[in-house]
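Chain residues, written in single-letter form:
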Amino acid sequence: MRTYRLVIACPDRVGIVAKVSNFLASYNGWINEANHHSDEQSGWFFMRHEIRAETLPFGIEEFREAFAPIAEEFSMVWRITDTDQKKRVVLMASRESHCLADLLHRWHAKELDCDIPCVISNHNDLRSMVEWHGIPFFHVPVDPQNKQPAFAEVSRLVKEHGADVVVLARYMQILPPQLCQEYAQQVINIHHSFLPSFVGAKPYHQASLRGVKLIGATCHYVTEELDAGPIIEQDVVRVSHSDSIEDMVRFGRDVEKMVLARGLRYHLEDRVLVHGNKTVVFN
C-alpha cells in the first residue's frame, strides 16, 4: 500500500495533534499509523503519521504547499515522504563481510525497501559477493599518508549515485569532518560495542579485559566526534568468564548484523527523529 509519511518535531504546546488530525480529516486522509512523543526535558513534541496516499485528493507537492501554514504556525521541523519513492542506499565496507552480506541478503529477499545503487570499499575482498547481486562495486583504496583523494572519490561516487543514505557496514576508515557535515544524519554506522563503553578499536578485547557480562553493538549516525553520534538502535548478548575473545567476536557479529539491519530499516521507514544528540525512534 502506498503511503505518505509525515514526520514532525516542534516546541510542545496544546493543539498540535488536533491541528494535524483536522487537516488530514478535512481532505479525507486515512491515517494508518500514528505515533506521538512529548519530551518533558527538552519541551519538544515529536510525531509520525502514515497516511494512505490514495485517500488524499492531491500529490505530495500539493500536500507540502497545503500543510506549510500549519508548519509555520507551530514552528515545525517537518518532512513528508512517499513510499513509492525508494530511498537510495550506498553501502561501504572493508574486509569483514558479515554486515554487508546480511544487508545484501535482506535487500535480495525484499526485506529492505530500498535501492542499492553501489557498494564502495577500500579493499577488493568483497567484490565477487557484491557483483553476484548485480550491484556495481567500486574499489577506492585509502593511502594512510594522504586520505583526501580517496574521500574525494567517495564523495563523488555518493553524489553520482544519488544516495539518500550511506551505510558503513564495517567500513574501517574514519570519515573526514567535511563528509560528516555534508551528509549529517544521512550516514549510518555500526559500532561493535555497546556505546558509550569501549569506543575505538578492538572493543571486544577491551570488554574481555574488564570481565563484562554483556557485550553489544550500536547503530548510530556518524558525526565529526568519533563514535559519539545520535544512537538509533542497540542490542546486547550475555557472555561469561568462560568465553574467549574469539567467542565474543563471534557473538558480537551476530548482534552487529541485527542491530544494523534494524537501524537501517527504522531510517528507511522515517521512524527516526533526531533532536540534539538524541533520537526518538517510533518502532
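The protein chain has the name Formyltetrahydrofolate deformylase in an unreviewed UniProt entry, where Pseudomonas vranovensis is given as its organism. Quoted verbatim from the Function (unreviewed entry) field of UniProt, the annotation for the protein chain is "Catalyzes the hydrolysis of 10-formyltetrahydrofolate (formyl-FH4) to formate and tetrahydrofolate (FH4)."

Draft legend 1. Broad picture of the environment of D102. Residue placement: D102 occurs in helix α3 (residues 98-108). Taking relative accessible area as the criterion, D102 reaches 14% and is therefore assigned buried. Separated by 174 residues in sequence, D102 and G276 place their C-alpha atoms 30 Å apart. If we ignore the near neighbours within four places in the chain, the residues touching D102 are K257 and A261. Polar contacts involving the side chain of D102 include one to the side chain of R106, which spans 2.7 Å.

Draft legend 2. View of the nonpolar core. Counting 32 residues, the largest nonpolar core has L91, L100, L103, V167, I188 and L260 as the members making the most contacts within it. Listed by contribution, the elements that provide at least two residues to this core are β5 (87-93), α3, β9 (165-168), β10 (187-191), β11 (214-221) and α8 (245-268). Element by element, the count of residues in this core is highest for α8, at 7 residues. Excluding its chain neighbours within four sequence positions, the residues that come into contact with L91 are L100, L103, L104, I116, C118, V119, I120 and V167. The next biggest cluster of nonpolar side chains, apart from the first, holds 22 residues, and it includes F23, F45, I60 and F67.

Draft legend 3. Region of the structure containing the domain arrangement of the protein chain. Domain boundaries in the protein chain define domain 1 (1-80) and domain 2 (86-279). The distance between the C-alpha centroids of domain 1 and domain 2 comes to 31 Å. Between domain 1 and domain 2, the residue contacts involve 15 residues of the former and 8 residues of the latter. Summing the contributions of domain 1 and of domain 2, the shared interface buries around 850 Å²; its carbon and sulfur component is 47%. For R271, the salt bridge identified is with E33, shortest N-O distance 2.8 Å. Linking domain 1 with domain 2 are 6 residue pairs in polar contact (both at pLDDT 80 or more), by the criterion used here. Secondary structure elements with two or more residues in the side of domain 1 that touches domain 2: β1 (3-11), β2 (31-39) and β3 (44-52). Looking at the side of domain 1 that touches domain 2 element by element, the count peaks at 5 residues for β3.

Draft legend 4. Spotlight on unusual backbone geometry. Even without being a glycine, S75 presents a positive backbone phi close to 55°. Look at R170: it is not a glycine, yet its phi comes out positive at around 65°. Position of R170 among the secondary structure elements: in the loop between β9 and α6 (177-182). Relative accessible area serves as the criterion here: at 5%, R170 is assigned to the buried category.

Draft legend 5. Representation of the UniProt feature "active site" (unreviewed entry) in the protein chain in the model. In this structure's numbering, the residues bearing the UniProt feature "active site" (unreviewed entry) are D227. Examined against the element boundaries, D227 turns out to sit in the loop between β11 and β12 (231-238). Here H191 takes part through its side chain, which lies 3.1 Å from a polar atom of the side chain of D227.

Conventions adopted
- Residues numbered from 1 in each chain as written.
- Predicted model: local features only at pLDDT ≥ 70, side-chain atom pairs only at ≥ 80, totals over all residues.
- Heavy atoms only, no water.
- UniProt positions renumbered as here; feature names shortened; annotations may be inferred.
- Helix = DSSP H or I, 4+ residues; strand = E, 2+ residues; numbered from the N terminus.
- Buried < 20%, exposed > 50% of the residue type's maximum accessible area, 1.4 Å probe, protein only.
- Contact = heavy atoms within 4.5 Å.
- Polar contact = N/O pair within 3.5 Å; in protein donor to acceptor, adjacent residues only side chain to side chain.
- Core = buried A, V, L, I, M, F, W, Y, C linked by side-chain atoms within 4.5 Å.
- Domains from an automatic or database assignment.
- Buried area = accessible area lost by both parts, 1.4 Å probe.
- Salt bridge = Lys/Arg side-chain N within 4 Å of Asp/Glu carboxyl O.

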